[in-house]
Amino acid sequence: PTDIEAEKLMLTKTQPVYAIDRLRLLSGEPFLIEHTIMPVEVIPNITKEILLNSIYHYIKGELGLKFGGANQHIRADKPNELDQKYLKCAQDDPVLEIDQVVYLTDGVPFEYSQTRHRYDQGDILVVTINSV
């Protein structure tokens, strides 16, 4: 992992990770670019078949792990070269970037991801549950 990835996932610089890059489509159109880092020790044996389906289904169903919370940082940005190429953004189109760390119920971080969303393809709904 990079220094930032190791810090976010509470890893050493020598622990192996998966680096997963995806282009997601919405109604056949580019919607977001996702860059995900997962520790091999926490989420072992990811295969191409799992990647083509649902990693979260594999984590919950096959590994029996339970999802806890997530910390997300959301900000607007200008498109970079990858956004322009794969999301078909113009140089002056805004993109929405979400930087997140997702945790298991025991507090172990299992995912660090950055997603970059086209401004005109869908939206994001944030639901807050008050447990008081």
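Summary of the structure given here. (Residues numbered from 1 in each chain as written. Predicted model: local features only at pLDDT ≥ 70, side-chain atom pairs only at ≥ 80, totals over all residues. Heavy atoms only, no water.)

## Remarks on the overall build of the protein chain
- Helices and strands together make up the secondary structure of the protein chain, namely four helices and five strands.
- For the protein chain, the α and β elements follow one another from N to C terminus as α-β-β-α-α-β-α-β-β.
- If one aligns the C-alpha atoms of the protein chain with their principal axes, the spans along those axes are about 40 × 40 × 30 Å.
- Looking at the 132 residues of the protein chain, the share that counts as buried comes to 35%.
- Of the contacts made within the protein chain by residues no fewer than 6 positions apart, 53% connect residues no fewer than 24 positions apart.
- For the protein chain, the exposed area adds up to about 8700 Å²; of that, 53% sits on carbon and sulfur atoms.
- Put simply, the protein chain has 13 plus and 20 minus side-chain charges, and the middle of one group is 2 Å from the middle of the other. (Helix = DSSP H or I, 4+ residues; strand = E, 2+ residues; numbered from the N terminus. Buried < 20%, exposed > 50% of the residue type's maximum accessible area, 1.4 Å probe, protein only. Contact = heavy atoms within 4.5 Å. Areas by Shrake-Rupley, 256 points an atom, 1.4 Å probe, with all protein chains shown as cover. Lys, Arg positive; Asp, Glu negative; His and termini not counted. Charge placed at Lys NZ, Arg CZ, Asp CG, Glu CD.)

## Brief notes about the environment of Val 17
- Looking at the secondary structure, you find Val 17 in strand β1 (residues 17-26).
- The partly exposed category is assigned to Val 17, whose relative accessible area is 25%.
- Dropping the residues within four chain positions of it, Val 17 is found in contact with Pro 1, Leu 11, Ile 37, Met 38, Pro 39 and Val 40.

## Quick look at helix α3 (residues 55-62)
- All of the buried residues along α3 are Ile 55, Tyr 58 and Ile 59. The arc that holds every buried residue of α3, seen down its axis, measures 95 degrees, which confines them to one face. What points out from α3, more than 90 degrees from its buried face, is the exposed set His 57, Lys 60 and Gly 61.
- On its buried face, α3 sits against β1, β2 (29-39), α2 (48-52), β3 (67-77) and β5 (109-118).
- Just downstream of α3 lies Gly 64, where phi reads positive at about 70 degrees. (Arc of directions from axis to C-beta.)

## Considerations on unusual backbone geometry
- Phi is positive for Ser 27, close to 55 degrees, though the residue is something other than glycine.
- Along the chain, Ser 27 turns up in the loop between β1 and β2.
- Here Ser 27 falls in the exposed class, since its relative accessible area comes to 75%.
- Phi at Asn 45 is positive, roughly 65 degrees, even though this residue is not glycine.
- Structurally, Asn 45 is set in the loop between β2 and α2.

## Overview of a nonpolar patch on the surface
- There is a patch of nonpolar side chains on the surface, built from Leu 23, Leu 25, Leu 82 and Tyr 86 and spanning about 390 Å² of accessible area.
- Breaking the nonpolar patch down by element, the ones donating at least two residues are β1 and α4 (81-86).
- Following the sequence through the fold, Leu 25 ends up in strand β1.
- Judged by its relative accessible area of 55%, Leu 25 falls in the exposed class. (Patch = residues over 30% accessible without salt bridge, like charges linked within 9 Å, V, L, I, M, F, W, Y side chains within 5 Å. Salt bridge = Lys/Arg side-chain N within 4 Å of Asp/Glu carboxyl O.)

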